[in-house]
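# Chain and residue survey
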Amino acid sequence: MMGASMLQADFIVAGATLVDGTGGPARQGDLAVRDGRIAAVGAVAHPTGAPVIDARGLALAPGFIDSHTHDDGYLLAHPEMLPKVSQGITTVVTGNCGISLAPLAGTAIPQPLDLLGPAELFRFDTFRAWLDALRATPAAVNVVPLVGHTTLRVAVMDDTSRAADAGERAAMRDLMQEALDAGAFGVSTGTFYPPASAAPTEEIVEVCAPLRGRSGVYATHLRDEADDIVPAMEEALLIGRELDCRVVFSHHKLAGERNHGRSRETLDLISRAAATQPVCLDCHPYPATSTMLRLDRARLASRTMITWSKGYPEATGRDFGEVMAELGLDDEAAVARLAPAGAIYFLMDPADVGRIFSHPLTMVGSDGLPFDPHPHPRQWGTFTNVLRAMVREQRLLTLEAAIHKMTGLAADQYGIAGRGLLQEGYHADLVLFDPATVTDVATFSAPIQASHGIHAVWVNGKQVWDGKRTGAERPGQVLQPGMALPRSE
């Protein structure tokens, strides 16, 4: 035990079940915080004057890392980050699926970039300008930024329905270099979406060439997550090898009933690839996904809900089939009538979702669309849903394994130094919760609801959630690849 005279602390969390993020067994103990860092873990003396939080019966874990978000603009518009801190999230990975807020300014915003928020948020013509804005007006959570390949295409090309020519590839490569120099952890692609679907493999490799030698991340929303998922995965793995970077399979899923059960095949492919190249994946725990309204997705889904519609706002929050009947239109005409619009698609087999979550390389990512008027519940409830359903009810994961996926594993895969573990010297990103009662409240019918059972959340040693409301502190930092302490082996 460290003597009281030796230890200085801003506060101590006492008597908690410490779930340290490694995946190892939980243990009882205390944790002391000093100057935004973890000062001591385990048996800690309580120096006179240090506030002590009684955590008996509660679990203390590293702050959760949301490994897949679209919070790029939300961080600026709503810096308190209520949907995230209320479920224990202290760090968000932005710029996924090929779409990042920057570098893009002064142009029409096509779908799916509008999933990031209103057009006025797109005001940064360099990646550094957006990061500077985040530093000038910090949010409550830390940010791990990725730059989106689709955003680069929209910024540079007058027609994204074709492959980029040599001049356009060079211009995109320059923007990629600027983003990486500014602090991007890597790049994401979204060749599933129209503005990038015409980009051939060689364009991606050429544009992303500045990634080589940086130990960066290549996160990808695959060209196809349905019938042709295996060739799409093989393309991503090839790109990873060409760029010598880690491949992250975003929101890994098998879409459509005829593909249900194929997670055995895709996970086997990932496991084999992991033997020779860096690879991982993220997933959320729901059997439905959400993005722009598309005819191909609506025809593949067993059920489609409208999350927003500029063409027919009355459709928001309703079943697509009901809206079609109301308008007297077939599905193709109804999509055109509602456009631009967003939707939730019930596409996945819960058994596949559980199998994917059980894979040792699977991180937790919400993939929420924070500006949707009727969002997918994952924006508010992903992490607490895992703790309730997969840990407590289904016993698919132990508490320690689930926390590892939310913390230490994500920190390792993204190269986030000094976070993700309850370890002395690490940044004090912490979540205190009741493992017996923690639960998501957000549902598909009522998605905008804060979770229950998260008692307190700290980011860099400052409290941002007290179990009922957000605090006034905005201690989030824009993280940089390899910043702060190196990982101890």
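Conventions and cut-offs
- Residues numbered from 1 in each chain as written.
- Predicted model: local features only at pLDDT ≥ 70, side-chain atom pairs only at ≥ 80, totals over all residues.
- Heavy atoms only, no water.
- Pairing = 2+ DSSP bridges.
- Helix = DSSP H or I, 4+ residues; strand = E, 2+ residues; numbered from the N terminus.
- Axes fitted to C-alpha atoms, helices over the stretch in contact; angles between N-to-C directions.
- Buried < 20%, exposed > 50% of the residue type's maximum accessible area, 1.4 Å probe, protein only.
- Polar contact = N/O pair within 3.5 Å; in protein donor to acceptor, adjacent residues only side chain to side chain.
- Contact = heavy atoms within 4.5 Å.
- Phe/Tyr/Trp six-rings, centres within 6.5 Å; stacked < 30°, edge-to-face > 60°.
- Domains from an automatic or database assignment.
- Buried area = accessible area lost by both parts, 1.4 Å probe.
- Nonpolar A, V, L, I, M, F, W, Y, C, P; charged D, E, K, R; others polar.
- Core = buried A, V, L, I, M, F, W, Y, C linked by side-chain atoms within 4.5 Å.
- Arc of directions from axis to C-beta.

Where an unreviewed UniProt entry is consulted, the protein appears under the name N-acyl-D-aspartate deacylase, with the organism given as Achromobacter anxifer.

## Topic: the sheet that holds strand 10 (residues 142–145)
One key point about sheets: their strands pair by backbone hydrogen bonds, in either a parallel or an antiparallel sense. Strand order across the open sheet formed by three strands is 6-7-10, with parallel pairing between neighbours. Looking along the sheet, the strands with just one partner apiece sit at the ends: strand 6 (64–66) and strand 10. If you compare each strand with its neighbour and ignore which way they point, the axes differ by 20° on average. As defined by bridge partners, strand 7 (residues 89–94) adjoins strand 10 across four bridges and the pair is classed as parallel. Note that in strand 10 the partner of Val-93 across the bridge is Val-144.

## Overview of the side chain of Glu-235
Inspection of the secondary structure assignment puts Glu-235 in helix 8 (residues 229–243). A relative accessible area of 14% means that Glu-235 is categorised as buried. At 2.9 Å, the side chain of Glu-235 forms a polar contact with the side chain of Arg-223.

## Here's the deal with the environment of Leu-361
Here Leu-361 is to be found in the loop between helix 13 (350–358) and strand 19 (362–364). Judged by relative accessible area, which is 18%, Leu-361 ranks as buried. Excluding residues that lie within four positions of it along the chain, Leu-361 makes contacts with Ile-270, Ala-274, Val-279, Cys-280, Leu-281, Leu-409 and Gln-413.

## Thoughts on the packing of aromatic side chains
Per the counting criterion, the structure on display carries eight aromatic pairs. Look at Tyr-74 and Phe-371: their rings are 5.4 Å apart centre to centre, the planes differ by 75°, and that puts the pair in the edge-to-face class. A residue pair is termed long-range when its members are at least 10 positions apart, and Tyr-74 in helix 1 (residues 74–77) and Phe-371 in the loop between strand 19 and helix 14 (378–393) qualify at 297 residues. A relative accessible area of 8% means that Tyr-74 is categorised as buried.

## Regarding the sheet that holds strand 18 (residues 341–346)
Sheet architecture is open: three strands sit in the order 16-18-17, paired in antiparallel fashion. On the outer flanks of this sheet lie strand 16 (288–292) and strand 17 (303–309), each paired with one strand and no other. Within the sheet, the average angular offset between the axes of one strand and its neighbour, ignoring direction, is 20°.

## With respect to the domain arrangement of the protein
Domain assignment breaks the protein into domain 1 (64–290 + 347–416) and domain 2 (291–346). Each partner contributes residues to the interface: domain 1 has 23 residues there, and domain 2 has 18 residues. In total, domain 1 and domain 2 occlude about 1,700 Å² of area from one another, counting both sides; carbon and sulfur atoms represent 65% of this. Between the two partners, domain 1 and domain 2, sit nine residue pairs in polar contact (both at pLDDT 80 or more). In terms of residue count, the dominant contributor to the side of domain 1 that touches domain 2 is strand 16 (three residues). Looking at side-chain class alone, the side of domain 1 that touches domain 2 contains 14 nonpolar, six polar and three charged residues.

## Some points on the nonpolar core
In terms of nonpolar packing, the biggest core is built from 130 residues, with Phe-64, Trp-130, Phe-249, Leu-387 and Phe-433 touching the most fellow members. Residue contributions to this core peak at eight residues, all from helix 8. A domain-level breakdown of this core finds at least three residues from each of domain 1 (64–290 + 347–416) and domain 2 (291–346). Here Phe-249 is in contact with Thr-220, Leu-222, Met-233, Ala-236, Leu-237, Ile-270, Val-279, Cys-280, Leu-281 and Asp-282, once residues within four sequence places are set aside. Residues Phe-11, Val-33, Leu-430 and Leu-432 belong to the second largest nonpolar core, which totals 18 residues.

## Re the environment of Gly-183
For Gly-183, the position within the fold is in the loop between helix 5 (166–182) and strand 12 (186–190). Assessed through its relative accessible area of 8%, Gly-183 is described here as buried. When neighbours within four sequence positions are excluded, Gly-183 is seen to be in contact with Leu-131, Pro-145, Leu-479 and Pro-481.

## Comments concerning helix 3 (residues 127–136)
Within helix 3 the residues assigned to the buried category are Phe-127, Trp-130, Leu-131, Ala-133 and Leu-134. Viewed along the axis of helix 3, the buried residues span an arc of 155°, placing them on a single side of the element. Summarising the contacts, the buried residues of helix 3 are in contact with helix 1, strand 7, strand 9 (123–124), strand 10, strand 11 (147–148) and helix 5.

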